[in-house]
Amino acid sequence: LIADMYKIHGGVAKAKLDFKQLARGLQPGFVWCFGRECFSMGGGLWLGPYVTAGVKKAVSERGLDVPDYPLRFSCGFLSGSVTAFATQWLHNTTLYAGRLAAVEEPVGAPYYTRASLMTAWNEMGPRMVWANYPQRMCLIAGAVGLMNMVDIFHRPDLIFVKGCR
């Protein structure tokens, strides 16, 4: 997918963008990108503490003691790996939306919501669910693991989801 973008833009000098052009450039795939980030990073950050608590309980029941930071990082990494995989199809669809915009495809412009999904499916088939996963997983899982380790929600009483119960 990224190689296609290099073919489209390779060796072409780009003019400096003004604010309107920048805003227009953010439109393709906006729906997919928003969903991708909400559920990959957001889902991982939500899931991480629950996985950590479950693993901590299981480990302590077996009489083992695991240091807190490595436990929180590894559980966050696991959570981020799962949510990155669950949203990989959104990621690939977002990339296709960007490609459609780059070649100025008129069908589906400017957001390419349905057009990018159909193009991704037609060109990749079921591979759109896992293609490019390892590279993206490292980023998402690493970031979620780090944020879970440093406990960015160190005030559990402020977590919105827990406040809704």
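Here's what I pulled together on the structure shown here.

Scoring rules and cut-offs
- Residues numbered from 1 in each chain as written.
- Predicted model: local features only at pLDDT ≥ 70, side-chain atom pairs only at ≥ 80, totals over all residues.
- Heavy atoms only, no water.
- Helix = DSSP H or I, 4+ residues; strand = E, 2+ residues; numbered from the N terminus.
- Expected span 1.5 Å × (residues − 1).
- Phe/Tyr/Trp six-rings, centres within 6.5 Å; stacked < 30°, edge-to-face > 60°.
- Buried < 20%, exposed > 50% of the residue type's maximum accessible area, 1.4 Å probe, protein only.
- Axes fitted to C-alpha atoms, helices over the stretch in contact; angles between N-to-C directions.
- Parallel < 35°, antiparallel > 145°, perpendicular 65-115°, else oblique.
- Contact = heavy atoms within 4.5 Å.
- Salt bridge = Lys/Arg side-chain N within 4 Å of Asp/Glu carboxyl O.
- Left-handed = near helix turned anticlockwise from the far one by under 90°.
- Nonpolar A, V, L, I, M, F, W, Y, C, P; charged D, E, K, R; others polar.

## Side note on helix α5 (residues 88-102)
Alright, step 1. Counted at 1.5 Å a residue, the expected span for α5 with its 15 residues is 21 Å, and the 21 Å between its end C-alpha atoms agrees.
Alright, step 2. Residue glutamate 104 follows α5 closely and has a positive phi angle near 55°.

## Focus: the packing of aromatic side chains
Alright, step 1. Under the defined criterion, the tally for this structure stands at 5 aromatic pairs.
Alright, step 2. Ring centres of phenylalanine 30 and phenylalanine 34 lie 6.5 Å apart, and the angle between their planes is 20°; on these two criteria the pair is classed as stacked. With phenylalanine 30 and phenylalanine 34 both in helix α3 (residues 30-61) and 4 residues apart, this pair spans about one turn of that helix.
Alright, step 3. Note on phenylalanine 30: relative accessible area 48%, which makes it partly exposed.
Alright, step 4. Ring centres of tryptophan 32 and tryptophan 89 lie 5.6 Å apart, and the angle between their planes is 65°; this geometry places the pair in the edge-to-face category. Separated by 57 residues along the polypeptide, tryptophan 32 in helix α3 and tryptophan 89 in helix α5 bring together distant segments of the chain.
Alright, step 5. The partly exposed category is assigned to tryptophan 89, whose relative accessible area is 31%.

## A closer look at the packing of α5 against helix α6 (residues 113-124)
Alright, step 1. Axis separation between α5 and α6 bottoms out at 8 Å; the angle between their running directions is 105°. Here α5 lies roughly perpendicular to α6, going by the angle between them. Here Trp89, Asn92, Thr93, Tyr96, Ala97, Arg99 and Leu100 of α5 lie close against α6, whose contacting residues are Ala115, Ser116, Leu117, Thr119, Ala120, Glu123 and Met124.

## Describing the pattern of salt bridges
Alright, step 1. In total, this model carries 4 salt bridges according to the counting rule given.
Alright, step 2. The partner of lysine 56 in a salt bridge is aspartate 68, with the nearest N and O atoms 3.1 Å apart. Of the two residues, lysine 56 sits in helix α3 while aspartate 68 sits in helix α4 (residues 68-86), which places them 12 residues apart along the sequence.
Alright, step 3. You can call lysine 56 partly exposed: its relative accessible area is 42%.
Alright, step 4. The partner of glutamate 123 in a salt bridge is arginine 99, with the nearest N and O atoms 2.6 Å apart. Of this pair, glutamate 123 sits in helix α6 while arginine 99 sits in helix α5; the two residues are 24 residues apart in sequence, bridging distant segments of the chain.
Alright, step 5. Judged by relative accessible area, arginine 99 falls into the buried class, the value being 13%.
Alright, step 6. Through salt bridges with shared partners, one network takes in Lys56, Asp68 and Arg72.

## Thoughts on the packing of α3 against helix α7 (residues 133-149)
Alright, step 1. Between α3 and α7, the shortest axis-to-axis distance is 9 Å and the interhelical angle comes to 45°. Relative to α7, the element α3 is oriented oblique. Seen along the crossing, α3 lies across α7 with a hand that is right-handed. Residue-level inspection shows Arg36, Glu37, Ser40, Met41, Gly44, Leu45, Gly48, Pro49 and Thr52 of α3 in contact with α7, the latter providing Arg136, Ile140, Ala143, Val144, Met147 and Asn148.
Alright, step 2. Residues of the contact of α3 with α7, tallied by class, amount to 7 nonpolar, 5 polar and 3 charged.

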